[in-house]
Amino acid sequence: MARTRKIVVIGAPSSAGSYAAGQEQAPRVLRERGILERLRQRGHEVVDGGDGPLHIWAPDAAHPLAQNVNQVIASVTALDLQVGEALDDDAHVLVLGGSCLVALGVMSALTARAPDAGLVYMDRHSDLNTPDTTTDGALDWMGLALLLDVPGSVRELRDALRTKPVLTPDRVHLFGVDPAATTGGERRIRDSLGLAVTTGSQVAADPRAAAERVLAGFGAGPFAIHLDVDVLDFTDAPLAEDTGGRNTGPDLAEAAEALAVLCRDPRFRVLSVGELNPTRSVGDPRVIDRFVDALARAL
Ligand SMILES: [Mn+2]
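Rules used in this analysis
The numbers attached to residues start from 1 for each chain and follow its sequence in the written order. With pLDDT at 70 or above as the cut-off, local features in this predicted model cover only qualifying residues; side-chain atom pairs require 80 or more to be listed or tallied, and sums for whole chains, interfaces and linings still use all residues. Excluded from the side-chain calculations are hydrogens and water; all other atoms, namely the structure's heavy atoms, are used. Cavity means a closed set of points on a 1 Å grid over the protein atoms alone, one where a 1.4 Å probe fits but cannot get out, pocket means an open set with protein on both sides within 12 Å along at least 5 of 7 lines, and lining means a residue has an atom within 4 Å of a point. Grid points are joined across faces, edges and corners, and a volume is the space filled by probe spheres set on the points. Helix numbering and strand numbering both begin at the N terminus, where a helix is a DSSP run of H or I of at least 4 residues and a strand a DSSP run of E of at least 2. Put simply, Ala, Val, Leu, Ile, Met, Phe, Trp, Tyr, Cys and Pro go in the nonpolar bin, Asp, Glu, Lys and Arg in the charged bin, and everything else, Gly too, in the polar bin. Axes here refer to lines fitted to C-alpha atoms; in helices the fit is confined to the stretch in contact. Angles between the N-to-C directions go from 0 to 180 degrees. Take the far helix as your reference; a near helix turned counterclockwise from it by less than a right angle gives a left-handed crossing, and one turned clockwise gives a right-handed crossing. Pairs of residues are marked as contacts when any of their non-hydrogen atoms sit within 4.5 Å. Residues adjacent in sequence count toward polar contacts only when both atoms are side-chain atoms; beyond that, a polar contact is any pair of N or O atoms within 3.5 Å, and within protein one must be able to donate a hydrogen and the other to accept it. A carboxyl oxygen of Asp or Glu within 4 Å of a side-chain nitrogen of Lys or Arg is what we treat as a salt bridge. The classification of residues rests on relative accessible area computed with a 1.4 Å probe and restricted to protein chains. Under 20% of the type maximum is buried, over 50% is exposed, and intermediate values are partly exposed. Coordination here is defined by N, O and S atoms within 2.8 Å of the metal (3.2 Å for Na, K and Ca), and since water is not considered, a site can look incomplete. Grouping buried Ala, Val, Leu, Ile, Met, Phe, Trp, Tyr and Cys residues that are joined through side-chain atoms within 4.5 Å yields what is termed a nonpolar core.

(A) Region of interest: empty space enclosed by the protein. Counted according to the given criterion, the structure contains 2 cavities of 30 Å³ or more. In this structure, the largest cavity encloses a volume near 60 Å³. Along its surface, the largest cavity is lined by Ala12, Ser14, Gly17, Val72, Ser75, Val76, Gly98, Ser99, Leu101 and Val102. The dominant element in the lining of the largest cavity, judged by the number of residues it contributes, is helix α3 (residues 69–88), at 3 residues. Taken together, the residues of the lining of the largest cavity sort by class into 5 nonpolar, 5 polar and no charged.

The structure is reproduced here in structure tokens:
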């Protein structure tokens, strides 16, 4: 065992910002499938930080283009406090979402303590949307726009974060993006901000080199990794709410190799997981075990 860490595990069982119910079950399922025990077996001191508020997605007629924004704010601010406590305790943190909006709570807490903190956004999507670039109203894929304070972002959610902007473009790396899954508005925002991008094909081709390029581009500050499981090839690892990533992107072994390189870096502090819908793997239950094992090995 190369190194052991104190790791606080926090659940964020909310699908309020998602497209449908399901992701709120992920923290419970990952705990049941032994994530804490697996980390302890690897020698880490593991503390169960408990869960934030439980929210199950339902349509929100009052906020058609920012569905369930008030529940999302409650979830994000609770996570911000929980992650902050763990960071103040010098722990590493594993956040079990939930939706990709967990990255907001994580980065609000981390940058409040380290203004130069960075984020590796490991996702098939860029999550740079605003209510002006999409009509579906899911806050889920607007998270990075909120962190970067992109014009048009939902003000009340942005204002719930501790700093403004939480992130500057030079401290973000989009990792695992599928260019075909990027909206026109996202492409415009991404290019105008000059965000660093590694595509899913590049991660799959050489996971280690791709991760090392991310690390070389970051400064001295700490960083978090957000992992949306939709970055994975769904035909290898059917975990994600979004079933569209079929036969493209890194498989679980390739993504795990990149993740391990990133997590080994001394600047790494927080890993958050989002968009895992446990109903997707009912026909292939072993994939959750493979995923839990990959997380434990990376950390
Ligand atoms: Mn995604």
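After that view, the rundown keeps rolling.
(B) The arrangement of the packing of helix α9 (residues 207–217) against helix α10 (residues 252–264) in detail. The N-to-C vectors of α9 and α10 enclose an angle of 35 degrees; their axes lie 8 Å apart at closest approach. Regarding α9 and α10, the two cross each other, and that crossing is right-handed. Contacts between α9 and α10 involve Pro207, Arg208, Ala211, Glu212, Val214 and Leu215 from the former and Glu254, Glu257, Ala258, Val261, Leu262 and Arg264 from the latter. When grouped by side-chain class, the residues that make up the contact of α9 with α10 number 7 nonpolar, no polar and 5 charged.

(C) Spatial organisation of the environment of aspartate 123. Its place among the elements puts aspartate 123 in the loop between β4 (118–122) and α5 (143–147). Spatially, the C-alpha atoms of aspartate 123 and leucine 232 are 8.5 Å apart, while their sequence positions differ by 109 residues. Sequence-distant contacts of aspartate 123, defined by excluding residues within four places in its chain, comprise Cys100, Phe175, Gly176, Val177, Asp228, Asp230 and Val231. From its side chain, aspartate 123 meets the backbone nitrogen of histidine 125 in a polar contact 2.7 Å long.

(D) Representation of the pattern of salt bridges in the model. One pass over the full model with this rule turns up 17 salt bridges. The partner of glutamate 32 in a salt bridge is arginine 28, and the shortest N-O contact between them spans 3.0 Å. Here glutamate 32 and its partner arginine 28 are both found in helix α1 (residues 26–32), 4 residues apart, which amounts to about one turn of the helix. Exposure remark for arginine 28: the relative accessible area of 41% places this residue in the partly exposed category. Taking the shortest distance from any N to any O, the salt bridge between arginine 290 and aspartate 236 comes out at 3.1 Å. Here arginine 290, found in helix α11 (residues 286–298), pairs with aspartate 236, found in the loop between β7 (223–228) and α10; they are 54 residues apart in sequence, far enough to count as distant. Residue aspartate 236 is classed as partly exposed on the basis of its relative accessible area, which comes to 23%. Through salt bridges that share partners, Asp149, Arg158, Asp159 and Lys164 make up one connected network.

(E) Seen up close, the coordination of the manganese ion. Around the manganese ion, the protein contributes the donor atoms Asp123 (OD), His125 (ND1), Asp228 (OD) and Asp230 (OD), at 2.1 to 2.3 Å from the metal centre. Expressed as a motif, the donor residue spacing for the manganese ion is D-x1-H-x102-D-x1-D. Per residue, the accessibility class of aspartate 228 equals that of aspartate 230, and both read buried.

(F) Inspection of the nonpolar core at higher detail. Within the largest apolar cluster, 51 residues are counted, with the highest numbers of intra-cluster contacts made by Leu94, Ile225 and Phe291. No other element matches α10, which puts 9 residues into this core. When near neighbours in sequence (up to four residues on either side) are disregarded, isoleucine 225 contacts Leu119, Val120, Met122, Leu259, Leu262, Cys263, Phe268, Val270, Leu271 and Ser272. Listed in part, the 50 residues of the second largest apolar core include Ile73, Tyr121, Leu139 and Ala145.

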